[in-house]
Amino acid sequence: MATWLVGGALVIILGAIVWKMIKDKKAGKGNCSCGGDCSQCSKCH
């Protein structure tokens with residue numbers, strides 16, 4: 001029973017992380033550290 005609880009908690013946590021990443025991407029908040037002006041930095045892509 002404990003295995004199912006831990007597994008379920010992990011699925012919920014991973015789902016929340018993915019949902020947040022998708023939400024941020026749609027809002028234009030990527031993981032780019034240059035403020036969206038990717039022509040000025042090489043770390044974005």
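On a predicted model such as this, the values are computed, not experimentally measured, just so you know. (Residues numbered from 1 in each chain as written. Predicted model: local features only at pLDDT ≥ 70, side-chain atom pairs only at ≥ 80, totals over all residues. Heavy atoms only, no water.)

### A look at the overall build of the chain
Argument step 1. Scanning the chain from N- to C-terminus turns up 1 helix and 0 strands.
Argument step 2. Within the chain, buried positions represent 4% of all 45 residues.
Argument step 3. About 4300 Å² of surface is accessible on the chain, with carbon and sulfur atoms providing 67% of the total. (Helix = DSSP H or I, 4+ residues; strand = E, 2+ residues; numbered from the N terminus. Buried < 20%, exposed > 50% of the residue type's maximum accessible area, 1.4 Å probe, protein only. Areas by Shrake-Rupley, 256 points an atom, 1.4 Å probe, with all protein chains shown as cover.)

### Quick notes on a nonpolar patch on the surface
Argument step 1. Judged by side-chain polarity, Ile13, Leu14, Ile17 and Met21 come together as a nonpolar surface patch covering roughly 410 Å² of accessible area.
Argument step 2. Note that Ile17 resides in helix α1 (residues 2-26). (Patch = residues over 30% accessible without salt bridge, like charges linked within 9 Å, V, L, I, M, F, W, Y side chains within 5 Å. Salt bridge = Lys/Arg side-chain N within 4 Å of Asp/Glu carboxyl O.)

### Considering the pattern of salt bridges
Argument step 1. Following the criterion strictly, the structure yields 1 salt bridge and no others.
Argument step 2. Among the salt bridges present, the one from Lys20 reaches Asp24, with a minimum N-O distance of 3.1 Å. Highlighted residues: Lys20 and Asp24, both in helix α1, separated by 4 residues, approximately one helical turn.

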